[in-house]
Amino acid sequence: MRLLTFLVIYLFGVTQVLAAEQCSAIFPDGASTHSAGGTISFGSNAQLFGSDDNRLATTAISKNAGSTISTCNTADCVATGSPSVEASGVTFQTSASTIDVTVGFNKSVVIGSGSNPGNEFDEINPGGSSQASITFSDTRSEYFVDRLVLGSENTLYLQSGATYWFNQLTLSSQADIIVLGSGTAIIYVNQSLTITSPGLINSPSINNSGDASKLVLYAFSDVTLNSNSTFTGSLYAQGDLTLISSSYLFGAVSAANIDLNSQSTITYQSAEVADTDFGTLCSTKLIDHFEIQHNGQGFTCEAKPITLKACVDESCDTLYDKETTIIMSPTDWEGGNTLVFTGEITANLNVTDAGTITLAKIAANPEADLRCFNGSTETCAMDFVNDGFEFFGITTSIKKLGDQEAETNFNNVNIRAVRDEAGVCKALLEGPQDIKFTYNCEEPSSCLTSLGDIPINTTPSGDQSGILSVLFAEDGTAPMSFLNYADAGRLALTVEADIEGVTITSGTATVDVYPTYLKLDVSPISLLDNSSNFKAGEPFSFIVGAYGALNTKLRNYEAGTTKLKVERVTPNSISANEGNFKYGDANTSKISTNLAPVFTATSPSPLLFNDGEYRTEKAYYDEVGSIKIDIQDSDYFGNVISSKNTLTLGDFIPAYYTVTKALPELQNTCDDTFSYIGETIGFVTGSQPLLFYTGKNAQNAVTNNYGITPGTFSISQLDVNNGISLFDSSSYSATDSANEVSKGSIPLITTGIADYDGIIEVQIPDTRFKYNKVRSDNTTFDIPSPFAASIDMEFSSTLLTDENGVCYQSDYENSTCLPFTIANITGANMRYGRLVMDSTYGPETESLTVPFRAEYFDGELWLVNTEDNCTNIDFTKAGDEIQLTNNSLAALVGNVSSAGDLLMGVPVGKQFKLEAPGAGITGELKIWLNPNDVDVTWPAYLNYDWDGDGFINNTNDFPEATVSFGLFRGNDRIIHWREVFN
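Please read these numbers as outputs of a predicted model, since none were measured by experiment.

What counts, and where the lines are drawn
- Residues numbered from 1 in each chain as written.
- Predicted model: local features only at pLDDT ≥ 70, side-chain atom pairs only at ≥ 80, totals over all residues.
- Heavy atoms only, no water.
- Helix = DSSP H or I, 4+ residues; strand = E, 2+ residues; numbered from the N terminus.
- Buried < 20%, exposed > 50% of the residue type's maximum accessible area, 1.4 Å probe, protein only.
- Contact = heavy atoms within 4.5 Å.
- Areas by Shrake-Rupley, 256 points an atom, 1.4 Å probe, with all protein chains shown as cover.
- Lys, Arg positive; Asp, Glu negative; His and termini not counted.
- Charge placed at Lys NZ, Arg CZ, Asp CG, Glu CD.
- Pairing = 2+ DSSP bridges.
- Polar contact = N/O pair within 3.5 Å; in protein donor to acceptor, adjacent residues only side chain to side chain.
- Salt bridge = Lys/Arg side-chain N within 4 Å of Asp/Glu carboxyl O.
- Axes fitted to C-alpha atoms, helices over the stretch in contact; angles between N-to-C directions.
- Core = buried A, V, L, I, M, F, W, Y, C linked by side-chain atoms within 4.5 Å.
- Domains from an automatic or database assignment.
- UniProt positions renumbered as here; feature names shortened; annotations may be inferred.
- Disulfide = S-S within 2.5 Å.
- Patch = residues over 30% accessible without salt bridge, like charges linked within 9 Å, V, L, I, M, F, W, Y side chains within 5 Å.

Enquirer: Explanation requested: the overall build of the chain in the structure shown.
Expert: Within the chain, the secondary structure is distributed over five helices and 80 strands. Across its three principal directions, the C-alpha atoms of the chain cover 170 × 85 × 45 Å. Here the chain holds 982 residues, and 48% of them are scored as buried. Considering only contacts in the chain between residues 6 or more positions apart, those separated by 24 or more positions represent 66%. Working note: accessible area of the chain is about 42,600 Å², and carbon and sulfur atoms make up 47% of it. For the chain, the centre of its 50 positive side-chain charges and the centre of its 117 negative side-chain charges are spaced 3 Å apart.

And the structure:
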């Protein structure tokens, strides 16, 4: 009794050690997620330092494709596939106080003493005064505040050893929290928390660590660290943790999901975390229960092996990996009833008197309940008998039956008939014997297929019994190798027989029968053709079947731990994005691809089999390219069931495109200032019409890997000519007011700025148009004031459809192929212009220059176009661009010409010069520009309806002037003579 008392005292003397172990289960490394399906996402060059083994307790880890460094110290972090332990349930403690504490600018206040006694408050610093100092007094060990506001450049001083309950904690820029004294301060925050930039929480400066053992922060919601914020301590968030770019955490963190944006880091400070006083935060049960599996019966003539497990979870899938001590009852255990083990132990129980015993726990460390199971029945009662049957495996000392392959004869499944003779086990039977054999389907709980020749009765969920003839050997053993089960699952087996008028029974043995293989399939089968061009995100059927050795589907198979491996076959670049294969109906039924994939559990969305088959009609792959799928059941009653085949699916293509544009800009024809109506107008270099085609899947998400394969889009010149239209949308707009000079050349199709962004760029070069001065019948439009050019450029739905028939749509549900319009393209300033020649006169002995200018109409008047520095006037009489009246003077005035470009709307120097005909040679002639010369372009945009007939034609309309030699002197009797020109 003294020894038992000592052991119980010893067990409770290690509480502090266990508490530390419990905290390490909550914070097993620098970062962990405690939620089922939790993920840790590393942005570009985000990193975790200080991990011993680079293994993080989380379901999955993702890494930004652009990262150039490892996510952990020396290699990429690896997910364990299992979450960390959740912290013990904490109920937030609220404040019922109505007391507010205001703080002035650059003022200090002490909470808990002096003018602010007590430990409950409504609001502290509600106005958020800046440069304030708030100190919680060490006179209290616990504080309750509904709302605490830290304004800009505020400092909050907390006391170590105290606990703080803040319903809402608001931090402004440059707010600091400092923990005074030695020990740990614990903060509980009820609402979501944002640590603003550059906040310093228990940290001396940006990206420099404080003492992590001095602070624990428990958040009941989400936590966000903004850029340049630094936190030192242990942080537990029930919600998600987000580290915005270039934010820093020292210590350890556990959250539902963790997202490290670019350049953010977490540094694990294991020694300081181990020194932290977590209070009651780590009072989580390390062991869910102790578990004994037994068959309900033992013999009084030999020791009964009993296996005891320390289970972390209710289903006992995970065993506790630390040393465990348990004191058992009854006390008849070989080596004593104090069992010390890690994970599980098999110990022998010696009971020499027939009867029923009850297995029980006297004490344990860590403390947990004891649960016992006979098959699927929970009971700690066991019968010890003098005579009976027992099942055994390879030898009589190995009681556990080996697992069996479906549709094969049982191997190493035997029974033994035993009698206790003076404490020694002897053979009870020898030779042939009819026995009653019973089987029961435990997992699943109802039989669909018979075991051997024993049919299923009217109650498939109950016992199925029949008489078998068995041959017992001299030692009382008999093989059961004739049994064959054409199904899968866990069976409970018992036998009994009437021997000498007494019913002799066995305990319950269990045998697990597993599939030979799994088989993958999809529908439609065209998915297996690499030229299938199946639309990304579009549902298809995904089927998994379980089969036995004779290729029969196993109707009772229910998966254990299914895992999928999804390889990204194409594109195979390391820079490409990973896609998601959705394997089930739930939104969580997704597995990401990888170039070097590993089997990943389908938890939290397992594959549910019915009649030996898993089927979903809602499978899809959300990216473009091709994938290879493999499957296994990694834990079907401890067996790994592999797939007989893999599936290579694809190619997957976008389901549709969205189209956006970069707004092009029209190019003015003259010094980027203006253009004349009638001139051909193009686009500014670098601002030509540009479309962005974004591949989308049937779930309306971007197919990022599409952007690298623009070859699926081919646009010919004929496509351009038939698929692009230009429309005048300016104030000049009227029938025939504009026309297309060129719809463009063959487009330039590229991947754009970034590869694998889901976007291709389609640029249309050489698109040109003009505003017409006349209609097709040469009739004139109303002369407009200067206006801003504006055109709409429409791309037909046919042009926006690729070679696979994928087209521009508003979304997947609306399957109509749409045209796309770039509306209101501007940039050019239009002017209605004309060239003007003025008549002139002078003596026949002097040369004359014809006044010449370019004009535009401003809405009221014709003005010299002083901004015209562009119009070319390389004209000559000899070249027929300039024409003169065919008379005798024309032969005497020389080769009239002009050259160069106008400057401020007029010629530079003496242009259009007519040489003097000579003394006594007088007369006049006409000079005009020839609009029909093949070398000139001005008639299209600088001619004018000079005869006012409502038409502009090159027969009657052109700039013209009269030149008079020797006729300038009038009658001497005329005092004043003024010549008026229209």
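Enquirer: What exactly am I supposed to notice about the sheet that holds strand E59 (residues 680-681) here?
Expert: The strands that make up a sheet are held in pairs by hydrogen bonds between backbone atoms, and each pair lies either parallel or antiparallel. The strand order E59-E65-E62 describes an open sheet built from three strands, whose pairing is antiparallel. Edge positions in the sheet fall to E59 and strand E62 (738-742), since each of these pairs with one other strand and no more. Note: E62 against strand E65 (residues 768-771), four bridges, orientation antiparallel. Within E65, the residue paired with Ser742 across the bridge is Arg768.

Enquirer: So what exactly am I meant to see when it comes to the environment of Thr307 here?
Expert: Within the secondary structure, Thr307 is located in strand E27 (residues 304-311). Under the relative-accessibility criterion, Thr307 is labelled partly exposed at 22%. Here the alpha-carbon distance between Thr307 and Asn348, two residues 41 residues apart in the chain, equals 8.7 Å. When residues no more than four places from it in sequence are discounted, the contact partners of Thr307 are Glu291, Ile292, Gln293, Glu344, Ile345 and Thr346. In terms of polar contacts, Thr307 uses its side chain to reach the side chain of Thr346, at 2.9 Å.

Enquirer: I tried to follow the pattern of salt bridges on my own but got confused; where do I start?
Expert: Where charged atoms from two side chains of opposite charge approach closely, those side chains can pair. Across all of its chains, the model carries 24 salt bridges by this definition. Asp321 serves as the salt-bridge partner of Lys322, at 3.4 Å between the closest nitrogen and oxygen. Glu613 serves as the salt-bridge partner of Lys553, at 2.9 Å between the closest nitrogen and oxygen. One end of the pair, Lys553, is in the loop between strand E48 (540-547) and strand E49 (562-570); the other, Glu613, is in strand E53 (residues 613-621), and 60 residues separate them in sequence. Since its relative accessible area comes to 29%, Lys553 is described here as partly exposed. Each member of the salt-bridge network shares a partner with another, and the members are Glu302, Glu390, Lys399 and Arg416.

Enquirer: How should the sheet that holds strand E79 (residues 923-929) be read in this particular structure?
Expert: The four strands are arranged E71-E80-E79-E76 in an open sheet whose pairing can be described as mixed. Pairing within the sheet leaves two strands with one partner each, and these edge strands are strand E71 (840-842) and strand E76 (882-884). Within this sheet the neighbouring strands show an average axis-to-axis angle of 20°, counted without direction. As defined by bridge partners, E76 adjoins E79 across three bridges and the pair is classed as antiparallel. Residue pairing for E79: Gln883 is matched across the bridge by Trp928.

Enquirer: I keep staring at the nonpolar core and nothing clicks. Help me out?
Expert: Buried together is how nonpolar side chains tend to be arranged in soluble globular proteins. Formed by 65 residues in total, the largest nonpolar core has its most connected members in Phe437, Phe542 and Phe581. The biggest single contributor to this core is strand E43 (residues 489-499), with five residues. Formed jointly, this core draws a minimum of three residues from each of two domains, domain 3 (386-514) and domain 4 (517-652). Apart from the residues lying within four places of it in its own chain, the contact partners of Phe581 are Phe540, Phe542, Leu564, Val566, Ser589, Lys590, Ile591, Ala619, Tyr620, Tyr621, Ile627 and Ile629. Ranked by size, the runner-up nonpolar core spans 53 residues in total, among them Phe136, Ile187, Ile195 and Leu249.

Enquirer: Help me understand the UniProt feature "domain: DUF7305" (unreviewed entry) in the chain in this model?
Expert: Under the UniProt annotation, the feature "domain: DUF7305" (unreviewed entry) is placed at residues 142-270. Helix makes up 1% of residues 142-270 and strand 56%, with an end-to-end C-alpha separation of 27 Å.

Enquirer: Explanation requested: the state of the cysteines in the structure shown.
Expert: Put plainly, two cysteines are in a disulfide when a covalent bond ties their sulfur atoms together. This model, assessed by the stated rule, comprises seven disulfides. The side chain of Cys441 participates in a disulfide bridge whose partner is Cys447; the two sulfur atoms lie 1.9 Å from each other. Between Cys441 and Cys447 the sulfur-sulfur dihedral comes to about 110°; the bridge is accordingly right-handed. Disulfide pairing is shown between Cys670 and Cys870; the S-S distance is 2.0 Å. Measuring handedness by torsion sign, the sulfur bridge of Cys670 and Cys870 sits at about 85° and is right-handed.

Enquirer: Quick question: what am I supposed to make of the side chain of Ser95 here?
Expert: Counting through the fold element by element, Ser95 comes out in the loop between strand E6 (78-79) and strand E7 (100-101). Within polar-contact distance, the side chain of Ser95 engages the backbone nitrogen of Ser97 at 3.2 Å. A distance of 2.9 Å separates a polar side-chain atom of Ser95 from the backbone oxygen of Phe121. Dropping the residues within four chain positions of it, Ser95 is found in contact with Glu120, Phe121, Asp122, Phe144, Val145 and Asp146.

Enquirer: Any chance you could explain a nonpolar patch on the surface here in plain terms?
Expert: On the surface, Leu903, Met904 and Val908 cluster together into a nonpolar patch covering about 290 Å² of accessible area. Along the chain, the position of Leu903 falls in the loop between strand E77 (897-898) and strand E78 (913-914). Using a relative accessible area of 46% as the deciding quantity, one classes Leu903 as partly exposed.

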